[in-house]
Amino acid sequence: TALVVGGNPDTLIGDVYGTSMQKVEFSEINAAYESVSTTEAGEWADRWIREADKTIEPTRAEIVKSAAMYLAMAKLLRDHRASAITVNCLGGIYSGNMVEAYPCLGFMQLDNDGLVGACEADQRSTITKLIMTFSAGCPGFISDPVIDTSTNRIIYAHCVATTHVFGPDGPSNPYHIRDHSEDRKGACNRSLMPLGEMTTTMQFDHRKKQVIMHRGITVENV
């Protein structure tokens, strides 16, 4: 089961590839957030700050909010016996329907632990991450790609990425805790991924019955 919190402009896709996509209302994640122990949230925040190479913009209080959202998402996964969660975070926060606590650092932790946290209620990417996480044993990274034809490179960027690119039992890579470039709010991570590694970019398009794939070697953290 994969949870879709708050829905998104696309119709809920239902069952696909043997996975049930289940909608969860903002009210449920808000209630889970409000029930979180502030002590436990603080412990997670301090752990992330300690493990990061550096924290640049966010305050500890903002990171505690992110930790509470992580614990709320973990509760929903347990309650629904799900392996993945994707949240319409910007739609929920900007509309006032969801508590103002960004889920990005929580997604990072879920991905590091072998589960799936996915941005912006993106159901295609959630399904793709599930398939590849269980197939390859290592987490994926949702991105908005920019193709630079002058250098024959693709730049992949988004608000969150795993810091265990080789899987939960693999080595961790450095990261910075930042705010969001769009609104200068919240807390997210900049994962400094290892270079010289062959990567595979994929998306399973359930409507077109297509698989899109590209391979490339990592050359730079921008």
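Residues numbered from 1 in each chain as written. Predicted model: local features only at pLDDT ≥ 70, side-chain atom pairs only at ≥ 80, totals over all residues. Heavy atoms only, no water.

Draft legend 1. Main features of the pattern of salt bridges. Overall, the coordinates contain nine salt bridges when judged by the stated rule. Taking the shortest distance from any N to any O, the salt bridge between Lys75 and Asp79 comes out at 2.7 Å. Remark: Asp79 and Lys75 occur in helix α3 (residues 60–80); sequence separation between them is four residues, near one turn of the helix. Taking the relative accessible area as the measure of exposure, Lys75 reaches 32% and is therefore partly exposed. (Salt bridge = Lys/Arg side-chain N within 4 Å of Asp/Glu carboxyl O. Helix = DSSP H or I, 4+ residues; strand = E, 2+ residues; numbered from the N terminus. Buried < 20%, exposed > 50% of the residue type's maximum accessible area, 1.4 Å probe, protein only.)

Draft legend 2. Structural detail: the nonpolar core. Counting 45 residues, the largest nonpolar core has Ile29, Trp48, Met69, Ile85, Val87 and Met98 as the members making the most contacts within it. For this core, the secondary-structure elements that each account for two or more residues are β1 (2–5), α1 (26–34), α2 (38–51), α3, β5 (84–87), α4 (89–95), α5 (104–112) and β9 (175–178). For this core, the leading source of residues is α3, giving 11 residues. If near-sequence neighbours (up to four positions away) are discounted, Ile29 is found in contact with Val5, Met69, Ala72, Met73, Leu76, Val87 and Met98. Val4, Val16, Ala84 and Ala121 belong to the second largest nonpolar core, which has nine residues in total. (Core = buried A, V, L, I, M, F, W, Y, C linked by side-chain atoms within 4.5 Å. Contact = heavy atoms within 4.5 Å.)

Draft legend 3. The arrangement of unusual backbone geometry in detail. Positive phi, close to 50°, is recorded for Arg81, a residue that is not glycine. Within the element layout of this structure, Arg81 appears in the loop between α3 and β5. If you check the backbone angles, Lys209 has positive phi at about 55° while not being a glycine. Examined against the element boundaries, Lys209 turns out to sit in the loop between β11 (198–205) and β12 (210–217).

Draft legend 4. Here's a closer look at the environment of Ile131. With respect to the helices and strands, the residue Ile131 is situated in helix α6 (residues 123–136). Along the primary structure Ile131 and Glu220 are separated by 89 residues, whereas in three dimensions their C-alpha atoms are 27 Å apart. When near neighbours in sequence (up to four residues on either side) are disregarded, Ile131 contacts Tyr17 and Phe204.

Draft legend 5. Region of interest: the sheet that holds β1. Spatially, five strands are ordered β2-β3-β1-β5-β6 in an open sheet, and the strand pairing comes out mixed. Lying at the two open borders of the sheet, with one neighbouring strand each, are β2 (15–16) and β6 (116–118). As defined by bridge partners, β5 adjoins β6 across three bridges and the pair is classed as parallel. Counted as the bridge partner of Ile85 is Gly117 from β6. Against the sheet, α6 contacts β1, β2, β3 (19–24), β5 and β6, and its axis sits at roughly 155° relative to β6. (Pairing = 2+ DSSP bridges. Axes fitted to C-alpha atoms, helices over the stretch in contact; angles between N-to-C directions.)

Any functional reading would require information beyond the geometric quantities listed.
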